[in-house]
Amino acid sequence: MTSKKLGVLVSGGGTNLQSIIDQIHFGSCNADISCVISNVKDVYALKRAETAKIPNFVIDHKQYELRLDFEQALLKQLEQNNVDILILAGFMRVLSESFTANFIGKSLNIHPSLLPALPGLHTHQRALNAQMEKHGCSVHFVSGELDGGPIILQASVPILSTDDAHSLAARVLEKEHIIYPRCIQWLCSEKIYLKNNRVYFQDTPLEKPLQLEQL
Ligand code: GRF
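Everything numeric here is computed off the predicted structure, so don't read it as measured data.

**Student:** What is the right way to read the overall build of the protein from this model?
**Tutor:** Counting its secondary structure elements, the protein contains six helices and 11 strands. On C-alpha atoms alone, the protein measures out to a radius of gyration of 17 Å, which is about the 17 Å that the 2.2 N^0.38 rule sets for 215 residues. Seen along its three principal axes, the alpha-carbon backbone of the protein occupies a region of about 45 × 40 × 35 Å. Classification of the 215 residues of the protein by burial places 49% in the buried group. Taking the intrachain contacts of the protein between residues at least 6 apart in sequence as the baseline, contacts between residues at least 24 apart amount to 65%.

Below, the structure is given as structure tokens:
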């Protein structure tokens, strides 16, 4: 099976991008990253791409008056790089339904919470404020709804009395770096797929998200 071409959208440090690069390098993820696109210049994710000799581009959303034009520029670059699967990895722009419709079943996002709890931003502080006992991360298919697509796999971490947002984020990030490459490998090898807006795992529809701790 020829390896799938990934397009990775980033906006910041790129630690999830790095974990994907590493797992591809180690051979546990049968894919190629054909491009990395950031909406922000000079972010470390671009340096990670450069080091890994991956074509990388900045498409600055502030250069476009209309979201539609920004998204058209994204789509053009992804098409030029023959992207099969779109990976959002710390990408901080909301994408419209018309854009995501191009990648239904072929795009993933990782979110730092146990969805459907805590969609949106600042999830670690919000988990602390809500005195939740556990927190974690979720990989889901991208839909037109922000952080709302069908969830594939989650990983949990305990919230410790000594935690602040920084320490909690670091513990969640470690789990992100495990579950994201795994989900990408599953999608590339068709171990998971989306049908009728449901996640199928080994040809069986998931009743609820898979949990890393139970695999
Ligand atoms: C991560 O917590 C990720 O879940 C969120 O953005 C944060 C930074 O990701 N989407 P990265 O280090 O840029 O991959």
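**Student:** Explain the sheet that holds strand E10 (residues 204-205) here, please?
**Tutor:** Paired through their backbone hydrogen bonds, the strands of a sheet run either parallel or antiparallel. If you trace the three strands from one edge of the open sheet to the other, you get E8-E9-E10, paired in antiparallel fashion. Of all strands in the sheet, those bounded by a partner on one side alone are strand E8 (192-195) and E10. As paired elements, E8 and strand E9 (residues 198-201) share four bridges and run antiparallel to each other. What sits directly across from Leu194, in E9, is Val199.

**Student:** What is the right way to look at the site of the ligand in this model?
**Tutor:** The environment of the ligand is formed by Gly13, Gly14, Thr15, Asn16, Gly90, Ile110, Pro112, Leu173 and Glu176. Interatomic distance of 2.6 Å between a side-chain N/O atom of Thr15 and an oxygen atom of the ligand. Asn16 is positioned with one of its backbone polar atoms (N or O) 2.8 Å from an oxygen atom of the ligand. If the ligand stood free it would expose 360 Å²; the protein chains cover 80% of that surface.

**Student:** Explain the layout of surface pockets here, please?
**Tutor:** Space left empty within the atom packing is revealed by a probe, the size of a water molecule, rolled over the atoms. Taken as a whole, the largest pocket encloses approximately 820 Å³ of empty space. In this structure, the largest pocket is lined by 34 residues; those nearest its centre are Gly90, Phe91, Met92, Ile110 and Pro112. For the lining of the largest pocket, the secondary-structure elements that each account for two or more residues are helix H1 (15-25), strand E5 (107-111), helix H5 (123-129) and helix H6 (165-188).

**Student:** Can you help me understand H6 in this one?
**Tutor:** The α-helix winds at 3.6 residues per turn, so residues separated by three or four positions along the chain end up facing the same way. Taking 1.5 Å per residue, 24 residues should reach 34 Å; H6 reaches 33 Å between its end C-alpha atoms and fits that length. Those residues of H6 lying buried are Leu168, Val172, Glu176, Ile179, Tyr180, Pro181, Cys183, Ile184, Trp186, Leu187 and Cys188. Among the residues of H6, the N-terminal cap falls to Asp164, whose side-chain oxygen and the backbone nitrogen of His166 are separated by 3.1 Å. Looking at the residues trailing H6, positive phi occurs at Glu190, about 60°.

Calculation criteria
- Residues numbered from 1 in each chain as written.
- Predicted model: local features only at pLDDT ≥ 70, side-chain atom pairs only at ≥ 80, totals over all residues.
- Heavy atoms only, no water.
- Helix = DSSP H or I, 4+ residues; strand = E, 2+ residues; numbered from the N terminus.
- Rg over C-alpha atoms; globule rule 2.2 N^0.38 Å.
- Buried < 20%, exposed > 50% of the residue type's maximum accessible area, 1.4 Å probe, protein only.
- Contact = heavy atoms within 4.5 Å.
- Pairing = 2+ DSSP bridges.
- Near = heavy atom within 4 Å.
- Polar contact = N/O pair within 3.5 Å; in protein donor to acceptor, adjacent residues only side chain to side chain.
- Areas by Shrake-Rupley, 256 points an atom, 1.4 Å probe, with all protein chains shown as cover.
- 1 Å grid on protein atoms, 1.4 Å probe; cavity = no way out; pocket = protein on both sides within 12 Å on 5 of 7 lines; lining within 4 Å.
- Points joined across faces, edges and corners; volume = space filled by probe spheres on them.
- Expected span 1.5 Å × (residues − 1).

That is the geometry; function is a separate question.
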